[in-house]
Amino acid sequence: MRLKLVPEQTNFDFFRHSRLTLGLSGLLIVVSLVLFAVQGLNFGIDFRGGTMITAATETEPDVGDYRRTLGALDLGDFTVSRIYDPAAEITGSVPNQVAIRIEQTDDDPAIQADVIVQVKAALSETFPGIRFLQTDSVGAKVSGELVQKGVLAIVLAVAAVLFYIWLRFEWQFSVGAVAALVHDVILTIGVFSLVQLEFNLAIIAAILTIVGYSLNDTVVVFDRVRENLRRYKQTPLRDVLNMSINETLSRTMMTSVTTLLALGALYVLGGEVIRGFTFAMIWGVIVGTYSSVFVASAILLRLDVKRDWDKEEPKSGTSFADVDA
Amino acid sequence: MLQYPTWKKVLVLLICLAGIVFTLPNGFYGRVEQANDARAALEAGAAPTSEMTAALEGWPGFLPATLVNLGLDLRGGAHVLVEVQVEDVYAERLEALWPEVRDALRDLRGQVGTIRRVETTPGELRVRIGEQAAMNAAVDAVYGLTQPVATLTGAGARDYEVRADGDELVVTLSEAEKTATDNRTMEQSLEIIRRRVDETGTREPTIQRQGEDRILVQVPGLGSAEELLAIIGQTAKLTFHAVEQVTGEADAQTTGGNLLFPAMDQEGVYYILERRPVVSGEQLVDAQPGFDQNGRPAVTFRFNPAGGRAFGNFTAENIGQPFAIVLDEQVISAPVIQSHIPGGSGIITGNFSLEESTRLAILLRAGALPAEIQVLEQRTIGPELGQDSIDAGRIASLVAFVAVMVYMALSYGLFGLFANLALILNVALIFALLAIIGATLTLPGIAGIVLTIGMAVDANVLIFERIREELKNSRGPARAIQLGYEKAFSAIVDANITTFIAAVILFAIGSGPVRGFSITLGLGIMTSLFTALMVTRLFVSMWFDARRPKTIEV
């Protein structure tokens, strides 16, 4: 007996409510953009500059004590928060951690190395035996560049993908795939804006992986669409799309579940440092799987594909498309 | 039906074997590391101790011993990104050129009249001449001082540009010379930072130039970035000057031949010094921490013969006068010369702690940085947190691994087991590749591996689902397997290439954590393609050839 998430034969009509689902996606995109515009992102020091110190004490820390100690130093804006690791019991991570974030006070391109020395000295005095687990400090100059590079990376990745799909399929596929990608990226930014999780370099990496994953999913569906379009020349596009999605549904679920299993383990047990990253990835896998069907394919349906495919796929540009078909 | 040429079988198996063998040392990280250290120490000529022999026996010499480098976030350490103020050197160059320019113009005094240097921005040298009519002659004379620069593009470029601006003559560095100077400055800075970090005796520091004018320093195991900055952040330019006057005014009037520097330890005390140093740090051959007569920490030093002679002559001529020891534009101390100091050695006293005197000695031995440096980024990861991350990563990977394998076995039975075996080989191959290419494993890198575990099965899933479909279409088992592999191929290639594109872009643009992630993601795609298309296929075909089942269930 095999474990099967999806019955052997499915016959869902994925486009019965396509107006509704597309509308929902559109609405979510607008909501994400509005959220981004209104409350922005909780940029980490990678992107905003400043200093972040993670410290641990022997005993249960009192955040108020930290605030008082640091407040006496005249540092400008700072925040102190307690770090809870729900999996600490299993992974045995260092207990009693707090995170201290100090904003950059002026436009000085170099970071304030002195501030760090000062803060550590003051904290060591108030809390004997305090350990500084991690200190990160980024100057405004570097953080500006990191923002530019991050945005550039995402734009380049999307452009490269657009080009690749166009080369391998038809332009309609390309538009559908990129629409799905943009959908996924915007929704991810939206959710980060909503829950105000820290948005740092690792999240950019996560978004790029989402781009790769979402595309992976879309391409598998499209590949089947292409195959079925050649086989059933007279069948309406809508039926071909439905057939293709149903045929690949079992694989789509299977891969999403295995990836989510791996990510779930990482989220719960992987420690505080990469929790934001795995959160983004989990969200991206769910949204990416959804968008392959309800955005990419739905747009493909609306754009309509030309059906006068030759019996043989022209050799140019697809030299390794069907080596063995 | 599922023919697989023997050479291909052997090759695939050999690659898998190599993967396992090269991954093996990473399973015994501590032991292999100790053995490697002992071997390196012995090769460097250290006397063998019993500990070394024990360490060597911990890992047999015939096995590969290349380890995956652990990133700072996993082993703890300090990371500093600094920017070298390369423009500082331009001003120094022009400063050094001024006497020559003055002499060249003096030779033409009859034509050009009075010569006066005008204060201006640091990047240029301005000289006002009395007779504007003779400007061309003046420009020609100064141009005669310039020298050609060898560049790839700008043939015929000179090192300085000379132009006239009204009655002022302006000298600046040419673009070609600026580039050449920048490169020299960066090389010197790298060298000096390397020497300073080496002096502290830390292990395996990374010191790299990044971009035009930046240097990245990573020192594993160092307690904090602040410590690192104390070593590399200081210019440590040491000079000895004759003192003209001591004053309490921060804005005391000085002439062009003088300098005004504050005292290091005394608030509100300023020294007016002769601009030309008597001797400078470049002429030091050694510096050691020591103690003065009163037992306070100090730094003893020795000059090279030329420096020693200059210092000796100066002290002989100026007995009873003070001279200033200047470090980075601050006067450490200004002792009065008691007697002629021959022999070229001396002692620097000041208000040092033992730590400070030790550090100053290191800085003086390693030499001064050619330009000031500015800190752009500093990060410290404590060893505890690094170990935490390794533990968390290990547990998360194991759980992910087991969950995915159980799920695969439940879904695909025997074929699932084949895929699981391939998955194990996949991770072994990733580690082997990481060790072979000398990549660094970081925490995001571990995330990349975990993600690969999830996604690596995708190719197998695609194939197995396809075989199921073909079986449904009532194909024979052999034919179904073959068609399954063939038809799934294009989807697998397209899907992986797109993810690979993302990984390449991450690698090209990203830095730090992003890069670590992209390396394992990219390698993971390659190895998972190999394991899905070659390894599981080999297993399936070997199983099929041995059993020849009439029906199969996938």
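Residues numbered from 1 in each chain as written. Chains lettered and ligands numbered in written order. Predicted model: local features only at pLDDT ≥ 70, side-chain atom pairs only at ≥ 80, totals over all residues. Heavy atoms only, no water.

Q: Mind showing me how you'd approach the overall build of chain A here?
A: Tallying secondary structure elements over chain A gives 10 helices and 6 strands in all. Taken along the three principal axes of its C-alpha coordinates, chain A extends 80 × 50 × 40 Å. Partitioning the contacts of chain A with sequence separation of at least 6, the portion at a separation of at least 24 is 79%. Here chain A holds 27 positive side-chain charges and 35 negative ones, and the gap between their average locations is 11 Å. (Helix = DSSP H or I, 4+ residues; strand = E, 2+ residues; numbered from the N terminus. Contact = heavy atoms within 4.5 Å. Lys, Arg positive; Asp, Glu negative; His and termini not counted. Charge placed at Lys NZ, Arg CZ, Asp CG, Glu CD.)

Q: Explanation requested: the UniProt feature "transmembrane region" (unreviewed entry) in chain B in the structure shown.
A: Residue and element names in this part refer to chain B. UniProt marks residues 392–410, 488–510 and 516–540 with the feature "transmembrane region" (unreviewed entry), using the numbering shown here. For the annotated span residues 488–510, helix accounts for 96% and strand for 0% of the residues, and the straight-line distance between the end C-alpha atoms is 32 Å. The distance separating the terminal C-alpha atoms of residues 516–540 is 34 Å; by composition the span is 100% helix and 0% strand. (UniProt positions renumbered as here; feature names shortened; annotations may be inferred.)

Q: Just checking my understanding: could you explain the environment of V68 of chain B for this structure?
A: All names here are of chain B. Among the structural elements, V68 can be located in the loop between α3 (50–57) and β1 (69–70). Look at V68 and you get buried, because its relative accessible area is 2%. Residues V68 and P342 lie 274 residues apart in sequence; the distance between their C-alpha atoms is 55 Å. The residues touching V68, leaving out its near neighbours within four places in the chain, are N26, Y29, F431, L434, A435, A439 and L441. (Buried < 20%, exposed > 50% of the residue type's maximum accessible area, 1.4 Å probe, protein only.)

Q: What exactly am I supposed to notice about the domain arrangement of chain B here?
A: Many analyses report the size of an interface as the accessible area lost when the parts associate. Each assigned domain of chain B is listed with its residue range as follows: domain 1 (6–20 + 384–547), domain 2 (87–178) and domain 3 (238–344). For domain 1 of chain B and domain 2 of chain B, the distance between their C-alpha centres works out to 66 Å. (Domains from an automatic or database assignment.)

Q: Explain the domain arrangement of chain A here, please?
A: Residue and element names in this part refer to chain A. For chain A, the domain assignment lists domain 1 (18–43 + 143–303) and domain 2 (50–138). Of note, the centres of domain 1 and domain 2, computed from C-alpha atoms alone, are 37 Å apart. On the side of domain 2, 10 residues touch domain 1, which itself brings 9 residues to the contact. Buried surface at the junction of domain 1 and domain 2, both sides included, amounts to about 630 Å², of which 53% is carbon and sulfur. In terms of surface lost to domain 2, no three residues of domain 1 exceed L269, E272 and R275, which account for 51% of the buried area on that side. Taken together, the links from domain 1 to domain 2 amount to 1 salt bridge. Of the charged contacts in the structure, one is a salt bridge between R101 and E198, with a shortest N-O distance of 4.0 Å. For the pair domain 1 and domain 2, the number of links is 1 residue pair in polar contact (both at pLDDT 80 or more). Sorting the residues of the side of domain 1 that touches domain 2 by element identifies β1 (42–43) and α9 (237–269) as the ones contributing at least two each. For the side of domain 1 that touches domain 2, the class distribution of residues is 3 nonpolar, 3 polar and 3 charged. (Buried area = accessible area lost by both parts, 1.4 Å probe. Salt bridge = Lys/Arg side-chain N within 4 Å of Asp/Glu carboxyl O. Polar contact = N/O pair within 3.5 Å; in protein donor to acceptor, adjacent residues only side chain to side chain. Nonpolar A, V, L, I, M, F, W, Y, C, P; charged D, E, K, R; others polar.)

Q: Is there a simple way to think about the sheet that holds strand β13 (residues 284–291) of chain B in this case?
A: All names here are of chain B. Ordered in space as β13-β14-β17, the 3 strands form an open sheet in which the pairing is antiparallel. In this open sheet, the two edge strands, each paired with only one partner strand, are β13 and β17 (345–348). Each neighbouring strand pair of the sheet contributes to a mean axis angle of 25°, computed without reference to strand direction. Sheet topology note: the strand β14 (residues 297–303)/β17 ladder contains 4 bridges and is antiparallel. Counted as the bridge partner of T300 is I347 from β17. Here helix α11 (residues 354–366) sits on the sheet and contacts β13, β14 and β17; the angle it forms with β13, its principal contact strand, is near 175°. (Pairing = 2+ DSSP bridges. Axes fitted to C-alpha atoms, helices over the stretch in contact; angles between N-to-C directions.)

Q: Whenever I open this one, unusual backbone geometry confuses me. Can you help?
A: Glycine aside, residues mostly have negative phi, and peptide bonds are mostly found in the trans state. Phi at Q196 of chain A is positive, roughly 55°, even though this residue is not glycine. Tracing the backbone through its elements, the reader meets Q196 of chain A in the loop between α7 (171–195) and β6 (198–199). Unusually for a residue other than glycine, R548 of chain B sits at a positive phi of about 50°. Counting through the fold element by element, R548 of chain B comes out in the segment after α15 (513–547).

Q: Can you walk me through the interface of chain B and chain A in this structure?
A: Contacts between the two partners involve 72 residues from chain B and, on the opposite side, 82 residues from chain A. Interface of chain B and chain A: buried area, both sides summed, is about 6600 Å²; carbon and sulfur atoms make up 63% of it. When the buried surface of chain B facing chain A is broken down by residue, Y407, D494 and I509 of chain B rank first, second and third, together holding 10% of it. In this assembly, chain B and chain A are joined by 11 salt bridges. For D494 of chain B, the salt bridge identified is with R168 of chain A, shortest N-O distance 2.6 Å. Scanning the region where chain B abuts chain A turns up 20 residue pairs in polar contact (both at pLDDT 80 or more). Of all elements in the fold, only β2 (77–84), α9 (225–232), β18 (373–381), α12 (383–437), α13 (443–472), α14 (477–509) and α15 of chain B reach the threshold of two or more residues within the side of chain B that touches chain A. The element best represented in the side of chain B that touches chain A is α12 of chain B, accounting for 19 residues. The residue inventory of the side of chain B that touches chain A, partitioned by class, reads 41 nonpolar, 13 polar and 18 charged. Sheet analysis places strand β5 (residues 131–138) of chain A next to β18 of chain B, joined by 5 bridges and oriented antiparallel. Counted as the bridge partner of V138 of chain A is E377 of chain B from β18 of chain B.

Q: What's the story with the sheet that holds β5 of chain A in this structure? I'm lost.
A: To summarise the sheet geometry, strands pair through backbone hydrogen bonds and adopt either a parallel or an antiparallel arrangement. The strand order β3(A)-β4(A)-β2(A)-β5(A)-β18(B)-β2(B)-β8(B)-β7(B) describes an open sheet built from 8 strands, whose pairing is antiparallel. Each of the sheet's edge strands pairs with one partner strand only, and the pair in question is β3 (78–83) of chain A together with β7 (206–210) of chain B. Across the sheet, the axes of successive neighbouring strands diverge by a mean angle of 15°, strand direction being ignored. The sheet contact formed by β2 of chain B and β18 of chain B spans 8 bridges and is antiparallel. Bridging from a neighbouring strand, V80 of chain B pairs with Q378 of chain B of β18 of chain B.

Q: Explanation requested: a negative patch on the surface in the structure shown.
A: On the surface, E87, D88, E92, E282, E329 and E372 of chain B cluster together to form a negatively charged patch. If you trace the backbone, E87 of chain B turns up in helix α5 (residues 87–106). (Patch = residues over 30% accessible without salt bridge, like charges linked within 9 Å, V, L, I, M, F, W, Y side chains within 5 Å. Areas by Shrake-Rupley, 256 points an atom, 1.4 Å probe, with all protein chains shown as cover.)

Q: Looking at this model, I keep getting lost on the UniProt feature "domain: Protein export membrane protein SecD/SecF C-terminal" (unreviewed entry) in chain B. Mind explaining?
A: Mapped onto this numbering, the UniProt entry annotates "domain: Protein export membrane protein SecD/SecF C-terminal" (unreviewed entry) at residues 372–537 of chain B. Within the segment residues 372–537 of chain B, helix and strand shares are 86% and 7% respectively, and the terminal C-alpha atoms sit 60 Å apart.

Q: Before we go on, may I ask you to explain the UniProt feature "transmembrane region" (unreviewed entry) in chain A in this structure?
A: All names here are of chain A. According to UniProt, the positions carrying the feature "transmembrane region" (unreviewed entry) are residues 20–38, 146–166, 173–195, 201–222, 252–270 and 276–301. Taken end to end, residues 252–270 is 95% helix and 0% strand, and its two terminal C-alpha atoms sit 25 Å from one another. A helix fraction of 100% and a strand fraction of 0% characterise residues 276–301, whose end C-alpha atoms lie 35 Å from each other.

Q: In this structure, what is going on with the pairing of β13 of chain B? I would like to understand it.
A: On any regular strand, side chains alternate: one points to one face of the sheet, the next to the other face. Residues and elements named next belong to chain B. Where β13 meets β14, 7 bridges bridge the pair, whose relative direction is antiparallel. Each residue of the ladder has a partner; that of L284, found in β14, is F303. Between the antiparallel neighbours β13 and β14 lie 5 residues, among them G295 with a positive phi of about 80°.

Q: Where do I start with α5 of chain B in this structure?
A: Along an α-helix, residues three or four positions apart point the same way, because every turn accommodates 3.6 residues. End to end, α5 of chain B covers 29 Å across 20 residues, agreeing with the expected 28 Å (1.5 Å per residue, within 8%). The axis of α5 of chain B is deflected most strongly, by about 35°, at L97 of chain B, and proline P99 of chain B appears within four residues downstream. (Expected span 1.5 Å × (residues − 1). Bend = angle between axes of the 7 residues up to and from the residue.)

Q: What's the story with the confidence of the model for chain A in this structure? I'm lost.
A: Detailed reading of the predicted coordinates is not advisable wherever pLDDT falls low. Looking at chain A as a whole, its pLDDT mean stands at 85, while 92% of the residues score no less than 70. Note on residues 311–325 of chain A: pLDDT is under 50 here. Beyond four places in sequence and across chains, it has 16 contacts. (pLDDT = per-residue confidence, 0-100.)

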